[in-house]
Every structure is written in structure tokens, then in C-alpha cells.
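# Descriptive structure summary
Next come the chains, spelled out residue by residue.
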Amino acid sequence: MPVDYEINAHKYWNDFYKIHENGFFKDRHWLFTEFPELAPGQNQNHLENLLSENERSEVPERRRSEDGPGIKTAQRKCPSDSLGHEAPTAPVEENVTQRLSHLGICADEFPGSSATCRILEVGCGVGNTVFPILQTNNDPGLFVYCCDFSSTAIELVQTHSAYDPCRCFAFVHDLCDEDQTYPVPTDSLDIIILIFVLSAVVPDKMQKAISRLSRLLKPGGLMLLRDYGRHDMAQLRFKKGQCLSENFYVRGDGTRVYFFTQDELDTLFTTAGLEKVQNLVDRRLQVNRGKQLTMYRVWIQCKYRKPPLSRAG
């Protein structure tokens, strides 16, 4: 049975989004409190700090941002224009695969290649993180990538009224599939976001997934995570038959979830070559007055950084 959940994982998540569409999760405006790096004005500060640490002369020309707002670099185009294709439409998988073939020829030609700050959200769902970022942060140099295992979720993102292909590129991706390539080169992203997504991955595939993502970060770039912690209320409410392996469970709809400790996450990130900036447990008491329920929630929040060039080697 556990094998069935793995093989048909995409089906379970597609069914989930077909049923709930964009009505299940709320937009995560708390992001800017927990992760101020995503707030307007913070991206440029992050880039300036990054450049001062890495010595500007060592940063490849295609990733330099020191020209400043008063100097024109490359003409800003929609990501579709940079590759000579129209904006992505279903089937998303085919378009991404076709575009990736260009990366081996010219690393400059990829969606958002002219951006000065690039953010990738893995496991974006229907855009509850991406759209608050795009709506709150009007930095013209910002470009946001977002991917999800579910093609249904990506279709909902692409048809959302706030989706702008000049500022965002949504694509279907299985972060556990080593044969799939991301639509950006290595060392090209400033921030990678993982919000309640790593817990849906089979435990023995987590390390390779994080290591692959780590290679996409610029030196000094950040990986931000928020996910379920050990002994969270959701874990305690699972019944015996729903446990697939230690601390890994299957929900009634076939989707799966893992509950982490701080040490487990620290091992995943540091093994991938990242340095700890933050690793904390967030314990909260939630009260549902309507149902007269008291819920004890346990989440873990992490920030890990790729070492700057001066120390990466």
C-alpha cells in the first residue's frame, strides 16, 4: 500500500486541488512577519549584502545587480520573450522541458534572466504564497518562480487574475525526480521557499531534493522553510492504520505528511552545504470557538544560507 501512495501521489494531489481549488488554504500574509527577507525593500538589501561579502568582481556578469536603478542593463521582457515562445500554457510539462534544452546552450536565456532578485517557491499549490509576494513587493527587478507536483494546481495559478508572466513563471515539477531539470541555472536564485511541502516527500528522498535545490542558490542565498513539527496536533490525531513509517502518515485523501524534529532538518540542510541562520520550534495554542476545540500546534521554522564565495571554496 505505501508503494501505491508513492506511485499515485500526483493523482492524490490533483484530486485534492480539483475538489478544493483555491478555497482550502488562505493567503499567507504572515510570511512577511516570519520571513522579512520577502518583504518589499528587503530583497535589494539582501543583494547588496551579498555582493559586499562575495567581492563584486567575483560575481558573474549575468548575475550582477550593482548597476543600480538609474542604469539600464538588459531590456526587461516577459519570460516567454526571452526564449522566443509565447506565455506558458498547458501542458506545462512539455513547455518547460522544451525550454530547458536551451539552458545547455546559453545560460543567459531562461525565464527571469534579466531580474536582479529571483525567488523560487517549491510546492506553491494555488499561489497562497506567490501572489502575496507579487502583490506586496513591486520591485521591478523581482522575478518569482513557482512549481508544484500537481498540474491542476499550476493551471489554477496560471489562470489567476494576479498571474503576470512578466514577473512570474509557474511550472509543474516533481522535486524528487532527479531526471527533471529546473528552468534556472545553478547559482541563480536569491531565495528558495519551502512552506509545508518537504513533509509531503518520502523521508528517504528528502536529502537529494534539498541538495539539488541548494545548488540553485547564489552564494549567500537563503532557503526558507516552515513545516510540521514532531507531536503536532495533526500527528497525534492520526489513527494506527494511517502510519506508513516512523512519523510519516497518510491522510484520508491519500496525501502524506511527515513530522520533523529540529535536528532532522538541520542535518538535511547542513549535509546540502548550507549554514544555519535560524532553526526554531513554534508552539501555538489555537482555539476554534465555533467548534469549541483547543488545538496545540507545533511547527518548525528554518533559515539556512549558502556560504558566500569567500568561504564556499
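Look a little higher up for the structure.
Computed from a prediction, not measured in an experiment: that's the story for all the values here.

### Let's talk about the state of the cysteines
Per the counting criterion, the structure on display carries zero disulfides. Free cysteine C124: the closest other cysteine sulfur is in C146, separated by 4.1 Å. Relative accessible area serves as the criterion here: at 2%, C124 is assigned to the buried category. Left without a disulfide partner, C168 is nearest to the cysteine sulfur of C146, which lies 3.9 Å away. With relative accessibility at 0%, the residue C168 sits in the buried group.

### As for the pattern of salt bridges
Summed over all chains, the structure comprises 10 salt bridges. For E178, the salt bridge identified is with K208, shortest N-O distance 3.4 Å. Here the residue E178 occupies a position in the loop between β3 (168-172) and β4 (189-195), and K208 occupies one in helix α9 (residues 206-216), the gap between them amounting to 30 residues. R284 is the partner of D282 in a salt bridge, and the nearest nitrogen-oxygen pair spans 2.9 Å. On the basis of relative accessibility, which here comes to 11%, the residue D282 falls in the buried class. Taking relative accessible area as the criterion, R284 reaches 39% and is therefore assigned partly exposed. Connected through shared salt-bridge partners, E34, R226, D282 and R284 make up one network.

### Things to note about the sheet that holds strand β2 (residues 142-148)
In spatial order, the strands read β3-β2-β1-β4-β5-β10-β9; together these seven strands make up an open sheet with mixed pairing. The open sheet terminates on both sides in strands that have one partner only, identified here as β3 and β9 (275-288). Mean inter-strand twist for the sheet, computed between neighbouring axes without regard to direction, equals 15°. Note: strand β1 (residues 117-122) against β2, six bridges, orientation parallel. From the neighbouring strand, L120 faces β2, where its bridge partner is Y145.

### Topic: the environment of D139
Tracing the sequence through the fold places D139 in the loop between α7 (130-136) and β2. Exposure remark for D139: the relative accessible area of 18% places this residue in the buried category. Spatially, the C-alpha atoms of D139 and T116 are 9.4 Å apart, while their sequence positions differ by 23 residues.

### Description of empty space enclosed by the protein
Under the criterion given, the structure shown has two cavities of 30 Å³ or more. Looking at the second largest cavity, the residues that line it are L120, Y145, F171, Y182, P183, V184, L189 and L216. Residue composition of the lining of the second largest cavity, by class: eight nonpolar, no polar and no charged.

### What about the sheet that holds strand β8 (residues 256-258)?
Pairing is antiparallel across the open sheet formed by three strands, whose spatial order is β6-β7-β8. Whereas interior strands pair on both sides, the edge strands pair on one side only; in this sheet they are β6 (243-245) and β8. Strand-to-strand twist of the sheet, defined as the mean angle between neighbouring strand axes without regard to direction, takes the value 30°. Pairing of β6 with strand β7 (residues 248-250) involves two bridges; the strand directions are antiparallel. Bridging from a neighbouring strand, C243 pairs with Y249 of β7.

### Structural notes on the environment of S214
Position of S214 relative to the elements: it lies in helix α9. On the basis of relative accessibility, which here comes to 4%, the residue S214 falls in the buried class. For the pair formed by S214 and R305, sequence separation is 91 residues and the distance between their alpha carbons is 9.1 Å. With residues near it in sequence (within four places) discarded, S214 still touches M223, A272, L274 and K306.

### Some words on α9
Counting buried positions along α9 gives eight out of 11 residues, so the element sits mostly inside the fold. Those residues of α9 that are buried lie in contact with β1, β4, β5 (217-228), β8 and α11 (262-271).

Conventions and cut-offs
Residues numbered from 1 in each chain as written. Predicted model: local features only at pLDDT ≥ 70, side-chain atom pairs only at ≥ 80, totals over all residues. Heavy atoms only, no water. Disulfide = S-S within 2.5 Å. Buried < 20%, exposed > 50% of the residue type's maximum accessible area, 1.4 Å probe, protein only. Salt bridge = Lys/Arg side-chain N within 4 Å of Asp/Glu carboxyl O. Helix = DSSP H or I, 4+ residues; strand = E, 2+ residues; numbered from the N terminus. Pairing = 2+ DSSP bridges. Axes fitted to C-alpha atoms, helices over the stretch in contact; angles between N-to-C directions. 1 Å grid on protein atoms, 1.4 Å probe; cavity = no way out; pocket = protein on both sides within 12 Å on 5 of 7 lines; lining within 4 Å. Points joined across faces, edges and corners; volume = space filled by probe spheres on them. Nonpolar A, V, L, I, M, F, W, Y, C, P; charged D, E, K, R; others polar. Contact = heavy atoms within 4.5 Å.

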